Amino acid sequence: MIDRLIDNRGLDSFDYRFLALVLAILGIGVLSIHSVTHSQQAGLAPYYIKQIAWILMGSAAFVFMLVSDYHRIARMAYPLYGVVLLMLAFVLLEGRTSKGAQRWIALGPFSFQPSEFAKLVLILVLAHYYSKTPRVGWLQRVIMPGMLMLPGLVLILKQPDLGSGLSFVAVYAAMLLMVGVRSKALGVILLLVVMLFPFAWEGVWGSLHDYQRQRIMAFVDQDYDPGGKGYHALQSRIAIGSGELMGKGLYGGTQSQLKFLPEGHTDFVFAVYAEEWGFLGVLLLLVLFVALIWLSLEIASKAKDQLGALLAAGIVAMLCFCVVVNIGMTAGMFPIVGIPLPLMSYGGSATVMTMASLGLLLNVKRRRLSLFY
Amino acid sequence: MATSSTHESELGELQRRLMLLRVGLLLVVGLLAVRLWHLQIREGPYYRDLSENNRTRSVLLEPARGLIYDRHGVLLANNVPSFSLYVTLEDVKDREGLVQNLADLLGLDPVMIRKKLAVRGSKMLPKKIKDRLTLRDATVIESHRLDLPGVMIQVESQRNYPRGMAAAHLLGYVGEISPEQLEKPEFADLHQGSIVGQYGVEKSFDRHVRGQAGQKSVEVDALGHEKRTVQVDKPLAGNDLYLTIDIRLQKVAEDLLGEESGAIVALDPTSGDVLAMASRPGFDPNIMSRELTPKQWVEIVQDERRPLNNRASQGQYPPGSTFKVPMAIAALESNTMSPSSSVLCTGGYQFGKRIYHDWKASGHGYVDLHKALIQSCDVYFYTIGQRMGIDMMAEYAKDFGLGHETGIELPSERVGSIPSTAWKLKVKKEAWLPGETISAAIGQGYVTVTPLQMASMIGTVANDGVSYRPRLVQAIMDRITGNLQEMPAVARGKAHAKPETFRIIKEALAAVVTEGTATRAKSSIVTIGGKTGTAQTTALGKEKRAEKDIPKKFRDHAWFVAFAPVEAPKIAVAVLAEHMGHGGSAAAPLAKEVIETYMKLRSQEPAGVPQS
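Residues numbered from 1 in each chain as written. Chains lettered and ligands numbered in written order. Predicted model: local features only at pLDDT ≥ 70, side-chain atom pairs only at ≥ 80, totals over all residues.

### Quick notes on the overall build of chain A
A count of helices and strands for chain A gives 17 helices and three strands. Relative to all contacts within chain A whose residues are 6 or more apart in sequence, the contacts with residues 24 or more apart total 70%. (Helix = DSSP H or I, 4+ residues; strand = E, 2+ residues; numbered from the N terminus. Contact = placed C-beta atoms within 7 Å.)

### A few points about unusual backbone geometry
All names here are of chain B. The peptide bond linking Arg 280 to Pro 281 adopts the cis configuration, its omega dihedral lying at 0°. Looking at the secondary structure, you find Pro 281 in the loop between β12 (274-280) and α11 (285-288). For the bond from Ala 564 to Pro 565, the omega torsion is -15°, close enough to zero to count as cis. Note that Pro 565 resides in the loop between β20 (557-564) and β21 (571-577). In the Ramachandran plot, Ser 412 falls in the positive-phi region, its phi being about 55° despite a non-glycine side chain.

### Notes on the sheet that holds strand β11 (residues 262-267) of chain B
Residue and element names in this part refer to chain B. Spatially, the five strands line up as an open sheet ordered β12-β11-β21-β20-β19, and their pairing is antiparallel. Among the strands making up the open sheet, the edge pair consists of β12 and β19 (529-535). Mean inter-strand twist for the sheet, computed between neighbouring axes without regard to direction, equals 5°. Its contacts with the sheet place helix α10 (residues 247-257) against β11 and β12, and it is angled at close to 30° to β12. The strands touched by helix α22 (residues 583-604) within the sheet are β11, β12, β19, β20 and β21, with β20 carrying the most contacts at an inclination of about 35°. (Pairing = 2+ DSSP bridges. Axes fitted to C-alpha atoms, helices over the stretch in contact; angles between N-to-C directions.)

### Re the sheet that holds strand β8 (residues 214-220) of chain B
Residues and elements named next belong to chain B. The sheet built from three strands is open, its strands ordered β1-β8-β9 with antiparallel pairing. With partners counted over all chains shown, the strands left at the sheet margins are β1 (56-61) and β9 (226-233), one partner each. Strand after strand, the sheet turns through a mean of 30° between neighbouring axes, direction not considered. With six bridges joining them, β8 and β9 adopt antiparallel strand pairing. Counterpart to Lys 216 in the pairing with β9 is Val 232.

### Quick word on helix α6 (residues 114-132) of chain A
The terminal C-alpha atoms of α6 of chain A, which comprises 19 residues, lie 26 Å apart, in line with the 27 Å expected from a rise of 1.5 Å per residue. Of all 19 residues making up α6 of chain A, 18 are buried, and the element is well covered by its neighbours. (Expected span 1.5 Å × (residues − 1). Buried ≥ 20, exposed ≤ 12 C-beta atoms within 10 Å, placed from the backbone.)

### Some words on the confidence of the model for chain A
Residue and element names in this part refer to chain A. Per-residue confidence for chain A gives a mean pLDDT of 81, with 77% of residues at or over 70. Considering each helix and strand of chain A separately, the mean pLDDT is smallest for helix α10 (residues 197-200), with a value of 44, and largest for helix α15 (residues 269-301), with 94. Of the regions scoring below 50 in pLDDT, residues 198-203 engages in four contacts with residues more than four places distant in sequence or in other chains. Long-range and interchain partners of residues 220-228, a stretch whose pLDDT sits below 50, account for 12 contacts in this model, where long-range means more than four residues apart. (pLDDT = per-residue confidence, 0-100.)

### Structural notes on the packing of α10 of chain B against α22 of chain B
Residue and element names in this part refer to chain B. In contact at an axis separation of 10 Å, α10 and α22 are set at 165° when each is read in the N-to-C sense. Taken together, the axes of α10 and α22 lie roughly antiparallel to each other. By crossing handedness, the relation of α10 to α22 is classed as right-handed. Residues Arg 248, Leu 249, Val 252, Ala 253 and Leu 256 of α10 form the contact with α22, whose own contacting residues are Leu 590, Glu 593, Val 594, Thr 597, Tyr 598 and Leu 601. (Parallel < 35°, antiparallel > 145°, perpendicular 65-115°, else oblique. Left-handed = near helix turned anticlockwise from the far one by under 90°.)

### Notes on the environment of Thr 322 of chain B
Residues and elements named next belong to chain B. Among the secondary structure elements, Thr 322 is positioned in the loop between α13 (311-314) and α14 (324-333). Overall, Thr 322 belongs to the buried group, with 33 C-beta atoms counted inside 10 Å. Discounting chain neighbours no more than four positions away, the residues touching Thr 322 are Gly 443, Met 454, Lys 531, Gly 533, Trp 559 and Val 561.

### Quick word on the nonpolar core
Counting 129 residues, the largest nonpolar core has Val 121, Ala 312 and Val 316 of chain A as the members making the most contacts within it. In terms of residue count, helix α16 (residues 306-330) of chain A provides more of this core than any other element does, 19 residues in total. Not counting residues up to four positions away in its chain, the partners in contact with Ala 312 of chain A are Ser 296, Ile 299, Ala 300, Ala 303, Leu 361 and Val 364 of chain A. Residues Ala 372, Met 393, Phe 400 and Leu 509 of chain B belong to the second largest nonpolar core, which totals 122 residues. (Core = buried A, V, L, I, M, F, W, Y, C linked by C-beta atoms within 7 Å.)

### As for the interface of chain B and chain A
With 35 residues of chain B in contact, the opposing surface of chain A contributes 41 residues. Those elements giving two or more residues to the side of chain B that touches chain A turn out to be α1 (2-42) and α2 (44-55) of chain B. Among the residues forming the side of chain B that touches chain A, the class breakdown is 18 nonpolar, six polar and 11 charged. (Nonpolar A, V, L, I, M, F, W, Y, C, P; charged D, E, K, R; others polar.)

### Structural notes on the confidence of the model for chain B
Residues and elements named next belong to chain B. When pLDDT is averaged along chain B, the result is 86, and 95% of the positions lie at 70 or above. In the model, residues 607-612 has pLDDT below 50 throughout and makes 11 contacts with residues more than four positions away in sequence or in other chains. Model confidence for the complex is summarised by a pTM of 0.67, with the ipTM given as 0.86.

### Here's the deal with the environment of Ala 89 of chain A
All names here are of chain A. Relative to the helices and strands, Ala 89 resides in helix α5 (residues 77-94). Using a count of 15 C-beta atoms within 10 Å as the deciding quantity, one classes Ala 89 as partly exposed. Put simply, Ala 89 and Pro 114 are 25 residues apart on the chain and 9.7 Å apart in space, counted from C-alpha to C-alpha.

### Describing the pairing of β21 of chain B
Residues and elements named next belong to chain B. Of all seven residues making up β21, seven are buried, and the element is well covered by its neighbours. By the bridge criterion, six bridges tie β11 to β21 in an arrangement that is antiparallel. Note on β21: the bridge partner recorded for Leu 267 is Ala 572. Across seven bridges, β20 lies against β21 in antiparallel orientation. By the bridge assignment, Ala 558 is partnered in β21 with Ala 577.

### What to know about the environment of Leu 122 of chain A
All names here are of chain A. Checked against the element boundaries, Leu 122 lands in helix α6. Note on Leu 122: 27 C-beta atoms within 10 Å, which makes it buried. Distance from Leu 122 to Leu 148, taken between C-alpha atoms, is 8.5 Å for residues 26 residues apart in sequence. Contact partners of Leu 122, with chain neighbours within four places excluded, come to Met 149, Gly 152, Phe 168 and Val 171.

### Some thoughts on helix α17 (residues 390-399) of chain B
All names here are of chain B. If you check which residues of α17 are buried, you get Ile 390, Met 393, Ala 394, Tyr 396, Ala 397 and Asp 399. Looking at the buried positions of α17, the neighbouring elements they touch are α14, α16 (378-388), α18 (421-427) and α19 (434-441). Taken from the residues just after α17, Gly 401 is the one with a positive phi, measuring 90°.

### Here's the deal with the packing of α6 of chain A against helix α7 (residues 138-158) of chain A
Residue and element names in this part refer to chain A. Remark: α6 packs on α7, axes separated minimally by 10 Å, with the N-to-C direction vectors making an angle of 175°. Between α6 and α7, the angle is such that the two are roughly antiparallel. For the pair α6 and α7, contact is made by Ser 115, Ala 118, Leu 122, Val 125, Leu 126 and Tyr 129 and by Pro 145, Leu 148, Met 149, Gly 152 and Ile 156, respectively.

Written out as structure tokens, the structure reads:
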């Protein structure tokens, strides 16, 4: 009952700042997508129009996640996880193939990627689990949540979708770091393991597709064979580097406009932006992302209960992970693993999922003043 | 409540741990910023270069060759647009696949394509694979653009000879520069695929006509397809040539030879201008300028009639009785004979044990120099040859331009041979035999000349000893400045003979046409002086056989050298008709036709100045 009362309060300045940051990053994303695709002939509608449509859908998801009580949403965690697992299994059997991986479920004119939603659902599941379970032993703190994550991870890696798989593990690791492990040192080690995942886990190698192996090989030896394996990484670095301080200007990025840089509107949208806006633009974008994450951390640290704090922490961790890994990979620091840049890369599933997550975050903040539990 | 307080403390712990995430975030974002600073600021210029290289390609723009006109401005060689196929290896991902694709689409030989791609050079520079693509082929390539990364169709100018086979030997032809030529300093600024003159005037004046290649920087996309032109250095077209020939006269000369092998050279003795230079059999320079298949090459090179041979400047033949002209001059000038002293001709000349026959078995009776030339009496010239000796004969022959290059601006001019005792020692490593002097006196034996040399010789006689280097190009028009640079007539050393000698000789040569061996050259419109010649090609005892029974390839070559008008010579002509028998019947009428045509053309319009 009291929930309702709180819901009706208007937006405060914190919310405005939060929303302004989200909109700014979304806007930069749409602009970059438009820049790189404006000369291409799209089928029905230009990419940037479609992205705006996704953002509108994402806004609906955002509002929905904002107004519903997150406790109620968290109670749905297990059934939702069941649905996600079913969809992941369905994708493996019937899904649409793209670049040798099956990731998509076709729904009429749309197709969506269950693995994107799986990330958010995993956050819900783990947050729900930790907030409800007394955490006394290793079994309850580490093993059980691990067992919860594992079926989703296996199904995602089976597609194979290395990027989503890594995000999955990252969410789990972040949760462990927050509440799962007693010792901070162990948490740090865990985080490192996630970072070094593609190198460390020899076993994953066998399950990778050729193009993924090539992408990883490209990281190991960046300059070898620009026409083949290292092509992506090299072209991306050329795009970013050639932007220099001031950039080449909107629509001026030769690397992306002339298609030397593949996937300019999706995974490599950061390189497009960096080429056209230069180091100054890059700093601005980093500041925007850091500010957004900072505000999100603020929400997590001021959450009124464990569930809220865990949800917020999980979402922030996922956001951080995706931003850092995506920029890192386009800048040639990490292997190219196919993680989209949140709020900027073109893509319906990722956009809607990210905005839903942010809605949930703000939900947590808006309820932190409620003393009712 | 215990649970609640545990919960509270756990929440507190959790929220304290968020600090870790904050620190981690700043650390990692800091790392990213440093990395991006490194990429964009420190290595920015390096990557900027890489991106420029990525997107820009240099395309060489072939220049249009200069045009070639005849002396009246009639177009003999121009350029027509043509499609050329280029491949830039830098943009080719699958080389073998591309080779197969091109071979299938255009019906080309994959081996040829591979060979062209394998030529050394920058991967960034497009390599020419084929020129003269048909419109259909060019369209096929353009419509398959997306499947053919790195492939480019370029419109270039292609050499064209609108008059086909006319003046082919003189004009020559063009072709792609050969690897050997590329090594030479005069082709230093050229590159693989450049078109250079390979024969004729196209070759000897190549550096004037060639022009200068330009360069175009184009922006390409990831598939190597041209998007935009960044910068253009226009190619400079080559200079235009105005030749000395009159294409109408040239055509008449070529038609006169028809299907026979031979050469006709017509010069202006007062300037050295080459008015016509026909050689048969001929070839089509349009075909030769194309890329020939090895089979086509073999066919042309192995053709027994040797159509690529310019018989006018490269064919070496015994001059036969035409050689009597310089010999007669030699006899007068060396005081071996006075004009009035006679020799008795009984149809043969005994030297040692051998009898040298006159062409007229019954003999000419008493002949002086005048009569000896008119009737082409061999015994008279045997006699004076014997008296002068081979070395003196050689001296006078050389004085009239025989035995050395005329200096015409054509590649590979041959010089023939004017024997002497020293010559025989040097070339044959043997001593001169006195009997050899006798056959040399009537232009047989070791004596060989080119038709061009003979035209120059008779022109020198007609011009009273003043001789000019044969001139093919009278002016060069600079395409950039528009200046017309006239090529001056180049005088050569004056032949050493008294005016009186020339008068006597010319009088006799005029009589050759009016009453002697060349009455078939007699013209109703112009006075002609000349000398016939019948050059033996074999020493078979053929006097005993009728001409028509001898297989053609053993028949004599027919010569006629002439000039006209006798009073003030404007044209000197040498006609050589291979295996056509007697000069008087086979060669003289041809010379007459050429001379009459020229005189008519001259009377129609003022000659000389090229029209722009």
